[in-house]
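Residues per chain are reported as follows:
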Amino acid sequence: MDRFDTSRNELQVGGLPLSLLAERVGQTPFYAYDRVLIAARIHAVRRVLPHGVHLHYAIKANPMPALVGFVRPLVDGMDVASAGELKLALDAGADVDSIGFAGPGKREAELRQAVAAGVLLHVESARELRALADAAQALGRPARVALRINPDFELRGAGMHMGGGPKPFGIDAEQVPDLLRGMAQHGVAFEGFHVYPGSQNLRGEVIAESLRRSLDLVLRLAHDAPAPVRHVNLGGGWGIPYFPGERALDLAPVASTLAQVQMDLERALPAARLVLELGRYLVGEAGIYVARVIDRKVSRGQVFLVTDGGMHQHLAASGNFGQVIRRNYPVVIGNRLQSSDREIAGIVGPLCTPLDVLADRMDLAVAQPGDLVVVFQSGAYGATASPQAFLGHPPCPEVLV
Ligand SMILES: *Cc1c(COP(=O)(O)O)cnc(C)c1O
């Protein structure tokens, strides 16, 4: 939240006071994403990437077309997880050589679309490999393939599991040698490996360790590769702080390990390009969600601000997007930043469920109907990761400022 200008009583977003931005959008609620903040973050990441490491944007974090178009020239490629995202990447002008398509359960039609487009497919199962060979034959065009590996190591950091164990994603590392040996018969063009050990990691040393072990795994598996390894995607999973007490990721250990990893890769597999794919880290802190207070109620001594936005548009902030314990996102009354008149209040949405909470008993400026609630850290996994049709509410507009 300190990335936005909070120096005045009213939050400044893209050079406009918040209330004027709401007028410009023409309604509340809405999401707003800040171009300057996105570009600054991407440049900051590039500064720690060794020369030659490619940075990809994982579209699922925020697939707004204008945002994807803005990000495209700032990164080296795009990672997509569906034919819909593939279309977004292609529409934005991404080079097919730099598009990777991962995700379990790719349908035959999607595989054909991807082969027709000429993008790199991150294969997640033996079935997918067979279907790709069929698609390649039908289209008379090779299917470009990287194997997505479910790693055989496990890392624990900040209470978080990375890799290891049974997973629906990728192919178990121990099954990869057989699959690689059978690949010549499959008639697909092998290009490399993809290891993605997890998401939302806030500890630089854990990410560094994961990069190191992922590379070691790839180098081991590469002995059985049927063709020179050209792509090595080692995932990302860089996290952003959401909750009080969480600290921003320390990139120093990531940077030094990456330099070593890149050197080792160059030596062992000189044709290989090292790719990192980041979603949340690039855009998450550049976005806000804005809703208007409709009602102010006191129930048995507790203040509730009822807004026109809520869980249906921002599932993650409501605590229902896979969180084990519900904690408050950073939330403010965006037109009363300097107010010293404060109270403990809850912010809820218009849905008929007690899950529809944007803030639970939070210290906030005293607010009235018409005031604007701002949820920070909302640039990733917001609008498209929420059940927007629930209760028949209209979809939430998004603007790039
Ligand atoms: C979701 C996903 C990402 C992006 O994750 P973030 O936490 O947003 O960085 C990257 N790669 C793969 C394979 C994914 O599924």
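Residues numbered from 1 in each chain as written. Predicted model: local features only at pLDDT ≥ 70, side-chain atom pairs only at ≥ 80, totals over all residues. Heavy atoms only, no water.

The protein appears in an unreviewed UniProt entry as Pyridoxal-dependent decarboxylase, exosortase A system-associated from Acidovorax carolinensis. Database annotation for the protein, UniProt heading Sequence similarities (unreviewed entry): "Belongs to the Orn/Lys/Arg decarboxylase class-II family." Under the UniProt heading Cofactor (unreviewed entry), the entry covering the protein gives this text: "pyridoxal 5'-phosphate". (UniProt positions renumbered as here; feature names shortened; annotations may be inferred.)

**Student:** Give me the lowdown on the pairing of strand β5 (residues 77–80), citing residues and values where you can.
**Tutor:** Side chains G77 and D79 project from β5 onto one buried face, and the interleaved M78 and V80 project onto a second face that is buried too. What joins strand β4 (residues 54–58) to β5 is helix α3 (residues 65–71), and the crossover it makes is right-handed. Sheet analysis places β5 next to strand β6 (residues 99–101), joined by three bridges and oriented parallel. In the strand pairing of β6, V80 is matched with F101. (Buried < 20%, exposed > 50% of the residue type's maximum accessible area, 1.4 Å probe, protein only. Helix = DSSP H or I, 4+ residues; strand = E, 2+ residues; numbered from the N terminus. Right-handed = clockwise from strand over helix to strand, strands pointing away. Pairing = 2+ DSSP bridges.)

**Student:** Which residues make up the pattern of salt bridges, and what values go with them?
**Tutor:** The full count for this structure, using the stated rule, is 26 salt bridges. The closest approach of N and O atoms between E128 and K106, which form a salt bridge, is 2.7 Å. With E128 in helix α6 (residues 126–139) and K106 in the loop between β6 and α5 (108–117), this residue pair connects regions lying 22 residues apart in the sequence. Each of the two residues, E128 as well as K106, counts as buried. Residue R148 pairs with E124 through a salt bridge whose shortest N-O separation is 2.8 Å. (Salt bridge = Lys/Arg side-chain N within 4 Å of Asp/Glu carboxyl O.)

**Student:** A description of the domain arrangement of the protein should follow, citing residues and the corresponding values.
**Tutor:** Looking at the assigned domains, one finds that the protein contains domain 1 (12–32 + 285–400) and domain 2 (102–278). With centres defined by C-alpha atoms, the gap from domain 1 to domain 2 works out at 36 Å. Of the roughly 650 Å² buried between domain 1 and domain 2, counting both surfaces, carbon and sulfur atoms make up 58%. Three residues, E285, R327 and Q377, lead the burial of domain 1 against domain 2; their summed loss comes to 60% of the area buried on that side. Our enumeration of links across domain 1 and domain 2 arrives at one salt bridge. Between R327 and E246 there is a salt bridge, with its nearest N and O atoms 3.8 Å apart. (Domains from an automatic or database assignment. Buried area = accessible area lost by both parts, 1.4 Å probe.)

**Student:** Describe the UniProt feature "active site" (unreviewed entry) in the protein, with residues and values.
**Tutor:** Here, UniProt's "active site" (unreviewed entry) annotation points to C352. Residue placement: C352 occurs in the loop between β18 (342–348) and β19 (357–365). According to the relative accessible area criterion, C352 is exposed, its value standing at 75%.

**Student:** Give me the site of the ligand: which residues, what numbers.
**Tutor:** Around the ligand, a shell composed of A58, K60, H194, Y196, S199, E277, L278, G279, R280 and Y381 is seen. With respect to the ligand, the side chain of E277 contributes an N or O atom lying 2.7 Å from a nitrogen atom. Residue R280 places a main-chain N or O atom 2.8 Å away from an oxygen atom belonging to the ligand. When the free accessible area of the ligand is taken as 380 Å², the share hidden by the protein chains comes to 90%. (Near = heavy atom within 4 Å. Polar contact = N/O pair within 3.5 Å; in protein donor to acceptor, adjacent residues only side chain to side chain. Areas by Shrake-Rupley, 256 points an atom, 1.4 Å probe, with all protein chains shown as cover.)

**Student:** Pulling in residues and values, what's your account of the packing of aromatic side chains?
**Tutor:** Geometry of an aromatic ring pair is reported as the spacing of the ring centres plus the angle between the planes. In total, this model carries nine aromatic pairs according to the counting rule given. Geometrically, the ring pair formed by F190 and F193 is edge-to-face, given 5.3 Å between the ring centres and 70° between the ring planes. The exposure classification of F190 matches that of F193, with both residues buried. By the ring-pair criterion, three or more aromatic residues cluster together here, those being Y31, Y33 and Y289. Sitting over the face of the ring of F70, R35 holds its NZ or CZ atom 6.0 Å from the ring centroid. In this structure, R41 packs its charged tip against the face of Y281, placed 4.2 Å from the ring centre. (Phe/Tyr/Trp six-rings, centres within 6.5 Å; stacked < 30°, edge-to-face > 60°. Lys NZ or Arg CZ within 6 Å of the ring centre and 35° of its normal.)

**Student:** Got a sec to walk through empty space enclosed by the protein? Specific residues and values, please.
**Tutor:** Taken as a whole, this structure holds three cavities of 30 Å³ or more when the rule is applied. The volume enclosed by the largest cavity comes to roughly 80 Å³. Lining the largest cavity are 13 residues, with H56, L120, H122, H231 and V275 positioned closest to its centre. Secondary structure elements with two or more residues in the lining of the largest cavity: β6, β7 (120–123) and β13 (231–236). When grouped by side-chain class, the residues that make up the lining of the largest cavity number five nonpolar, six polar and two charged. When its volume is computed, the second largest cavity comes out at roughly 50 Å³. Along its surface, the second largest cavity is lined by 10 residues, and I207, S210, L211, L234 and G236 are the ones closest to its centre. (1 Å grid on protein atoms, 1.4 Å probe; cavity = no way out; pocket = protein on both sides within 12 Å on 5 of 7 lines; lining within 4 Å. Points joined across faces, edges and corners; volume = space filled by probe spheres on them. Nonpolar A, V, L, I, M, F, W, Y, C, P; charged D, E, K, R; others polar.)

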